[in-house]
Amino acid sequence: MKTPNKNYDGKPTAYLDHNILDVFVKNRDLPFATELKDKYQIVYSDETLKEIKRSGDNSSHFLEALESLEAMHLQIFVTESFKVTDNATLKELSPFDAFENYCKNIEPVYEAMEKATAQSLLKFHGGRIGSDLDEINREQIDSFGSLMNYISDRIDEVKDLAPGIDAAVSTYTKEMQNSFNEALAQSTAELRKHIEDEFNYSGVQTYRDHMKVGPKQLNNIKPPNVIEKIWEIYKELDGYRDNNFLIEQFLGVSKNPIYNREMYLHEKVTSAYNVLNVIGYYPDSKMKNDRRFTAAMSDAGHAAIASFSHYLFSRDAAFIHKTRAVYEYLHVKTQVIEVIINDV
């Protein structure tokens, strides 16, 4: 982990799940908060800020809690050319300033695009009852089009400084839109081969029913080597056995042509965590509900960024089971600590 800020004194870093912050907001004088601050360097991430933003009018309370913990900002390092890396930066930054920066840099068009692209996955988890794939595709195409228009509008503001750039960007955005539309059409056509009722489709339930494996079987698997034990079950089932699947493909962590490189560790954490949710290893409940789905996606984000810290604290048992299993398989050194606080 890169730690360019000289104020970091070398204490072990501790990442707090949002449910821990929530406890501190509701119990301001909890001794456990002081114990954590004294022993660890508390860190927060953009995923933390995203959850705080969703809290609306209560955002200041969470920011105050982070400030009182003297928390530092942990962030994936992105290059000047906007390429994600496998490093993270740690710096002293007021949670209020970090939150203001986050909100300023997240344009509504980006949020709309993020929400639209998540709708296919929400549908896969049984959400969007009553919507067919065409309706979801139209939403995604419209959102992507808005993003391309936003980029073009920004280029118009500087086109006099770089002659010809507006024409180049116009060509680029049209190509991107066509590629996006074509990818959606292809994926939808493939998906429809396996769907009888689009309006009431749940890919997760269909998958579990077909495999005849779910939480009842998987939640009885005990450490160590949880993921390897899970794979011992699946590799003999139809769809995997006959196609010579490898465990890396099962988890979605093998080299992917989309990235054209090996996935970074934090990316592998996200993928493996989501796979465990799909197959039913301590799955998040009611993911067909938009709010619960969003929370589950944030959990995967927390697990990924927390892999850069020494410790991860949480009160969510399902989150802890999945994260420990993923960290163990990927050899992430972060220790996941279950917090049990009585009388709160």
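Report follows, based on the coordinates. Note that the structure is a prediction, hence the values are computed from the model and not measured. (Residues numbered from 1 in each chain as written. Predicted model: local features only at pLDDT ≥ 70, side-chain atom pairs only at ≥ 80, totals over all residues. Heavy atoms only, no water.)

**Here we look at the overall build of the protein**
Condition: By the criteria applied, helices consist of DSSP H or I runs no shorter than four residues and strands consist of E runs no shorter than two, each listed in order from the N terminus. Note on method: radius of gyration uses C-alpha positions; expected globular size equals 2.2 Å times residues raised to 0.38. Think of it in three bands: with a 1.4 Å probe and only protein chains considered, a residue is buried below 20% of the maximum accessible area for its type, exposed above 50%, and partly exposed in between. Any two residues whose heavy atoms approach within 4.5 Å at even a single point are treated as in contact. Throughout, the Shrake-Rupley method with a 1.4 Å probe supplies accessible areas, and for residues the shown protein chains are the sole cover considered.
For the protein, the helix and strand inventory stands at 15 helices and 6 strands. Here the C-alpha radius of gyration of the protein, 22 Å, is about what a compact globule of 344 residues would show, namely 20 Å. Expressed as lengths along the three principal axes of its C-alpha atoms, the size of the protein is roughly 60 × 55 × 35 Å. A burial count over the protein gives 44% of its 344 residues as buried. Nonlocal contacts in the protein, meaning residues at least 24 apart in sequence, comprise 70% of its contacts between residues at least 6 apart. Of the roughly 18,800 Å² of accessible surface on the protein, 50% is carried by carbon and sulfur atoms.

**Focus on the layout of surface pockets**
Using the following cut-off: Both site types are read off a 1 Å grid over the protein atoms alone. A 1.4 Å probe that fits but cannot get out defines a cavity, while an open set with protein on both sides within 12 Å along at least five of seven lines defines a pocket; lining residues have an atom within 4 Å of a point. Grid points are joined across faces, edges and corners, and a volume is the space filled by probe spheres set on the points. Residues are grouped as follows: Ala, Val, Leu, Ile, Met, Phe, Trp, Tyr, Cys and Pro are nonpolar; Asp, Glu, Lys and Arg are charged; all remaining types, including Gly, are polar.
What the largest pocket holds in volume is close to 2,200 Å³. In terms of lining, the largest pocket is formed by 41 residues, of which the most central are Glu47, Lys50, Tyr102, Ile106 and Glu114. Listed by contribution, the elements that provide at least two residues to the lining of the largest pocket are helix H3 (46-54), strand S3 (72-78), strand S4 (84-91), helix H5 (95-105), helix H6 (108-124), helix H13 (265-279) and helix H14 (290-305). Counting residues per element, the lining of the largest pocket draws most heavily on H14, which supplies 9 residues. Taken together, the residues that form the lining of the largest pocket break down as 18 nonpolar, 13 polar and 10 charged.

**Digging into H3**
What counts, and what does not: The term polar contact refers here to a pair of N or O atoms within 3.5 Å; inside protein, the definition further demands a hydrogen-donor-capable atom paired with an acceptor-capable atom, and it admits residues adjacent in sequence only when both atoms are side-chain atoms.
Among the residues of H3, those classed as buried are Glu47, Thr48, Leu49, Glu51 and Ile52. You can read the cap of H3 off the contacts: a side-chain oxygen lies 3.1 Å from the backbone nitrogen of Glu47, and it is on Ser45. Directly beyond the C-terminal end of H3, a positive phi value near 65° is found at Gly56.

**What about the side chain of Glu51?**
Here Glu51 is to be found in helix H3. Side-chain polar atoms of Glu51 contact the side chain of His302, separated by 2.6 Å. Those residues within four positions of Glu51 in sequence are excluded, and the remaining contacts are His18, Ser298 and His302.

**Re the packing of aromatic side chains**
Heads up, the rule is: A pair of aromatic rings is counted whenever rings of Phe, Tyr or Trp (Trp by its six-membered ring) have centres within 6.5 Å, and the orientation is called stacked for planes under 30 degrees apart, edge-to-face for over 60 and tilted otherwise.
Summed over the entire model, instances satisfying the criterion amount to 16 aromatic pairs. The interplanar angle of 80° and the centroid separation of 5.1 Å between the aromatic rings of Tyr240 and Phe245 together place this pair among those described as edge-to-face. Residue class for Tyr240 comes out buried when judged on its relative accessible area of 11%. Summarising the aromatic geometry, the rings of Tyr281 and Tyr282 are spaced 4.9 Å apart at their centres and angled 90° between planes, so their arrangement reads as edge-to-face. Exposure class is identical for Tyr281 and Tyr282. Each is buried.

**What to know about the packing of helix H4 (residues 59-68) against H5**
For the record, the criterion: The axes are straight lines fitted to the C-alpha atoms, using for helices just the contacting stretch, and the angles between their N-to-C directions are given from 0 to 180°. By definition in this entry, angles of less than 35 degrees are roughly parallel, angles greater than 145 are roughly antiparallel, angles of 65 to 115 are roughly perpendicular, and the rest are oblique.
H5 packs onto H4 with a crossing angle of 135° between their chain directions and a minimal axis gap of 8 Å. Taken together, the axes of H4 and H5 lie oblique to each other. Contacts from Ser59, Ser60, Leu63, Glu64, Leu66 and Glu67 in H4 reach Pro95, Phe96 and Phe99 in H5. Taken together, the residues that form the contact of H4 with H5 break down as 5 nonpolar, 2 polar and 2 charged.

**Description of a nonpolar patch on the surface**
Put simply, the rule reads: To count toward a patch, a residue needs a relative accessible area over 30% and no salt bridge; like charges are then connected within 9 Å, while nonpolar side chains (Val, Leu, Ile, Met, Phe, Trp, Tyr) are connected within 5 Å. The salt bridge criterion pairs a side-chain nitrogen of Lys or Arg with a carboxyl oxygen of Asp or Glu, the two atoms within 4 Å.
The grouping of Val78, Phe82 and Val84 at the surface amounts to a nonpolar patch, some 310 Å² of accessible area in total. Tracing the chain through its elements places Phe82 in the loop between S3 and S4. Overall, Phe82 belongs to the exposed group, its relative accessible area being 73%.

As far as function goes, none of this settles anything; it's purely spatial.
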